[in-house]
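Coordinates in review
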Amino acid sequence: MTACTAKASCKKLPGLLELTDTHLQWTQDGKKAPSVRIAHSEAASLFCSKEGAPQTRLKIGLVGDDNGHNFTFSSPQPVAVAEREKFKKELTTIISRNRGAQDALPKPPLPVAAARSLSVTAVPTPGTSTPRPTATPLQASHSRASSVVDDRRPTPVITGTDPATEFRLRKKVLMANPELGTLHRDLVMSGQITEADFWDGREHLILAQLASEGQKKGKPGQLVDPRPETVEGGEIKIRITPQLVHDIFDEYPIVATAYSENVPNKLSEEQFWKRYFQSKLFNAHRASIRSSAAQHVVKEDPIFDKYLEKDDDELEPRRQRSEQVDVFVDLAMTFEDHGDTGNDKDITMQAGRQKAALPLIRKFNEHSERLLNSALGDLPPSKRQRTDEGEGSYTQIDLDDLHDPEASDGIILEMQDRQRYFNAVMSKEAEAVKQHDPAVVLADTKSKLQSTESKLTQLKIERKAGDAALIAMTTNVANRLDGKSRKNDIPDGLFRQMTTCQTAANEFLRQFWLAMYPPPSELQTVATATKAQRLAKQAKMIGYIAKTPEKVHALIQAAQQHGIDAIRVQNALKPILEASERALTVYRNKKPGQ
């Protein structure tokens, strides 16, 4: 049953927004299947545009995704506000019900030094909100021997960074990877594993984030060409930002000159930019040949027209290069070559055959040169040229890769009566040459090659193996496409619990195998686990892994209650069960103290 509907756009695409008994969905115009489908249980927050805003918007945040989805109501303003308020009322009730269901769940106590494990919560019946799977603690053992080694250790800190910086880096890594952030919230925030255990083996993510922040971004390679946008009412609008102003001044110094001479004495800043984007000067700066056609319809401007320059469409560019061109890259060095032989000049590459293209080509060249100069910095031209040892220009093209590598002399073998040994070898080679007549060997080789052609014509390759491989690949692709197109009829709550069970079990297995076979550490960290700590971690993780079959069994029972085929759930979680059984077998058969 549909509670309310309204015409709304999502990501600037028109469509229909609907709120049913189970989902909030948005369908793009012209399509049958909804592009956005949100279950009631996933609604976490709601935001609306201010009263009197030019556009009536609604944003809904999801569980684990604060960005959510944005919808803009496309009806006339009074109707759009009424539709938005109706959706707001219904969604507020749904979100309140979801928060009430979460608050009613038991809260896990503070982390203690006892083993904890994720327990599968009961899946609600259809029609009710699906609570998020929570981590409930197992019975903690309060009696611990004093000889038990404490497996807690400080969070690893990459050498060279302070803890506050690494905390900021870890936060950015979690925000950039939503799945990793969800796993951190389910396992670390619930106290099942420590912060150090979670980041053990993931130091490369922190280093990658640190390296990305340390990289200095160069100047963008795109030409400054502001694109006008058409807003409601048919008006054309250009968004002016401080970065855009800086790029325009850097790319076109004549605009900076016009700004300094006219603002604020003759024009205000707003008037300056409005008249600039309507002037011939702006159209002359457009990175398109078609802009020349637009200049005939642009009105004259007494202020900006005096800054116009003649098109740089002569054979020789207006701006000549000041530094000397290297002889090996100067195309004019061969201009007079082979003049005596009567060869004609090559006019196919002559610049200026299409005169309208010259200003654009030179604009691209100047822009590329400006990018290279910004990358080279403030070095003088003499320091930028490559300096090679030696005299003459030949050293510039004398590359090391063009020389044969020098063979090593090796170690001289000291032997007695060396001359007699080599004489014996030479005599054996001479006898071998006498035994094999070159003419006989050549004739024998020719006769063998002549029979090869007839054998190749008789060669037949069986198609059975190729057909079998093609059928197997086609069947595999068809099965994958069928699996993607098949509708997932598993309830959202049960599917989320299956995902949580799988990711948690994978993390426990990862921690167990890291403790069993620690890889050689290539990163220097402050805290490194000792052998006693690794043994304690093995026992702790194997306790979690042993609970995996029990969790899977609970999920299968929940699937049966919802009328879902239990075999599907069992097959989906079968790899986790096999991996857990493998870890349990290895742990039982390992030697004490290993």
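As recorded by an unreviewed UniProt entry, the chain carries the name BSD domain-containing protein and is attributed to Crepidotus variabilis. What UniProt records for the chain under Subcellular location (unreviewed entry) is the sentence "Nucleus". Under the heading Sequence similarities (unreviewed entry), UniProt records this for the chain: "Belongs to the TFB1 family."

It is worth spelling out the overall build of the chain at this point. Tallying secondary structure elements over the chain gives 20 helices and nine strands in all. Buried positions account for 28% of the 594 residues belonging to the chain. Of all intrachain contacts in the chain linking residues separated by at least 6 positions in sequence, the fraction that spans at least 24 positions is 61%.

Moving on, we get to helix α2 (residues 163-176). The terminal C-alpha atoms of α2, which comprises 14 residues, lie 20 Å apart, in line with the 20 Å expected from a rise of 1.5 Å per residue. Among all positions of α2, only Glu-166, Leu-169, Arg-170, Val-173 and Leu-174 are buried. The arc that holds the buried residues of α2, viewed along the axis, is 135°, so those residues lie on one side. Structural note: α2 exposes Ala-164, Phe-167, Met-175 and Ala-176 on the side pointing more than 90 degrees away from its buried face. Structurally, α2 contributes buried residues whose contacts are with α3 (178-187), α4 (195-199) and α5 (203-214).

Right, let's talk about the sheet that holds strand β2 (residues 13-20) for a bit. Taken in spatial order, the seven strands make up an open sheet running β4-β3-β2-β1-β7-β6-β5, and their pairing is antiparallel. The sheet is open, and its two edges are formed by β4 (36-39) and β5 (43-48), each paired on a single side. Taken pair by pair, the neighbouring strands of this sheet meet at an average axis angle of 30°, ignoring direction.

Our next topic: the packing of helix α18 (residues 548-561) against helix α20 (residues 574-589). Packed helices, taken two at a time, are described by their axes: the angle between them and the distance between them. Remark: α18 packs on α20, axes separated minimally by 10 Å, with the N-to-C direction vectors making an angle of 160°. Taken together, the axis directions place α18 and α20 in an arrangement best described as roughly antiparallel. Note on packing geometry: the crossing formed by α18 with α20 is left-handed. Residues Thr-548, Pro-549 and Val-552 of α18 form the contact with α20, whose own contacting residues are Ile-576, Leu-577 and Ser-580. Here the contact of α18 with α20 is composed, by residue class, of four nonpolar, two polar and no charged.

Scanning the model with the defined rule gives 15 salt bridges in all. Glu-213 serves as the salt-bridge partner of Arg-168, at 3.0 Å between the closest nitrogen and oxygen. Taken as a pair, Arg-168 in helix α2 and Glu-213 in helix α5 lie far apart in primary sequence, 45 residues in all. Here Arg-168 falls in the partly exposed class, since its relative accessible area comes to 35%. The partner of Glu-195 in a salt bridge is Arg-170, with the nearest N and O atoms 3.4 Å apart. Of this pair, Glu-195 sits in helix α4 while Arg-170 sits in helix α2, and the two are 25 residues apart along the sequence. Its relative accessible area of 22% is what places Glu-195 among the partly exposed residues. Taking the relative accessible area as the measure of exposure, Arg-170 reaches 9% and is therefore buried. Each of the salt bridges in this network shares a partner with another, and the network as a whole consists of Glu-166, Arg-170 and Glu-195.

With that out of the way, let us pick up the nonpolar core. Core analysis: the biggest nonpolar cluster contains 23 residues, and Ile-193, Phe-198, Phe-508, Phe-512 and Ile-545 have the highest contact counts within it. Top contributing element to this core by residue count: helix α16 (residues 492-516), with five residues. Once residues within four sequence positions are removed from consideration, Ile-193 is found in contact with Leu-187, Val-188, Phe-198, Glu-507, Phe-508, Gln-511, Lys-540, Met-541 and Tyr-544. Grouped together as the second largest cluster of nonpolar side chains are 21 residues, Ala-6, Leu-19, Leu-24 and Leu-58 included.

Turning our eyes to something else, we now look at the side chain of Thr-72. Note that Thr-72 resides in strand β7 (residues 65-73). Excluding anything up to four places from it in sequence, Thr-72 contacts Lys-7, Ala-8, Ser-9, Gln-55, Thr-56 and Arg-57.

Right, let's talk about the packing of α16 against α20 for a bit. Orientation of α16 relative to α20, taken along the N-to-C sense of each, is 25°, at an axis distance of 11 Å. Between α16 and α20, the angle falls in the class roughly parallel. The two elements α16 and α20 cross, and the hand of that crossing is left-handed. Where α16 approaches α20, its residues Gln-502, Ala-505, Asn-506, Leu-509, Phe-512, Trp-513 and Met-516 are matched on the opposing element by Ile-576, Ala-579, Ser-580, Arg-582, Ala-583, Val-586 and Tyr-587. Grouping the amino acids of the contact of α16 with α20 by side-chain chemistry returns ten nonpolar, three polar and one charged.

The next point concerns unusual backbone geometry. With omega at 0°, the peptide bond leading from Val-263 into Pro-264 counts as cis. Locating Pro-264 in the fold gives a position in the loop between α7 (253-262) and α8 (269-276). The phi dihedral of Lys-11 falls on the positive side, at around 55°, and the residue is not glycine. Assignment of secondary structure puts Lys-11 in the loop between β1 (2-10) and β2. Positive phi values are uncommon outside glycine, yet Lys-12 reaches one of about 65°. Inspection of the secondary structure assignment puts Lys-12 in the loop between β1 and β2. Residue Lys-12 is classed as exposed on the basis of its relative accessible area, which comes to 81%.

The full count for this structure, using the stated rule, is 18 aromatic pairs. Ring centres of Phe-277 and Phe-282 lie 5.1 Å apart, and the angle between their planes is 85°; this geometry places the pair in the edge-to-face category. Here the two residues Phe-277 and Phe-282 agree in accessibility, since each one is buried.

Here the focus is a nonpolar patch on the surface. Judged by side-chain polarity, Val-325, Val-327, Phe-328, Val-329, Tyr-394 and Ile-397 come together as a nonpolar surface patch covering roughly 560 Å² of accessible area. For Val-329, the location among the structural elements is in the loop between α10 (291-294) and α11 (358-376).

Inspection of the secondary structure puts Glu-229 in strand β8 (residues 229-230). Each C-alpha atom of the pair Glu-229 and Arg-239 lies 8.4 Å from the other, and the pair is ten residues apart in sequence.

To continue, consider the confidence of the model for the chain. Fine structural detail should not be taken from predicted coordinates in areas where pLDDT scores are low. Of all residues in the chain, 75% have pLDDT values of 70 or greater, and the mean over the chain is 76. When the criterion is pLDDT under 50, residues 106-152 qualifies, and its contacts beyond four places in sequence or with other chains add up to 80 contacts.

Conventions we followed
Residues numbered from 1 in each chain as written. Predicted model: local features only at pLDDT ≥ 70, side-chain atom pairs only at ≥ 80, totals over all residues. Heavy atoms only, no water. UniProt positions renumbered as here; feature names shortened; annotations may be inferred. Helix = DSSP H or I, 4+ residues; strand = E, 2+ residues; numbered from the N terminus. Buried < 20%, exposed > 50% of the residue type's maximum accessible area, 1.4 Å probe, protein only. Contact = heavy atoms within 4.5 Å. Expected span 1.5 Å × (residues − 1). Arc of directions from axis to C-beta. Pairing = 2+ DSSP bridges. Axes fitted to C-alpha atoms, helices over the stretch in contact; angles between N-to-C directions. Parallel < 35°, antiparallel > 145°, perpendicular 65-115°, else oblique. Left-handed = near helix turned anticlockwise from the far one by under 90°. Nonpolar A, V, L, I, M, F, W, Y, C, P; charged D, E, K, R; others polar. Salt bridge = Lys/Arg side-chain N within 4 Å of Asp/Glu carboxyl O. Core = buried A, V, L, I, M, F, W, Y, C linked by side-chain atoms within 4.5 Å. Phe/Tyr/Trp six-rings, centres within 6.5 Å; stacked < 30°, edge-to-face > 60°. Patch = residues over 30% accessible without salt bridge, like charges linked within 9 Å, V, L, I, M, F, W, Y side chains within 5 Å. Areas by Shrake-Rupley, 256 points an atom, 1.4 Å probe, with all protein chains shown as cover. pLDDT = per-residue confidence, 0-100.

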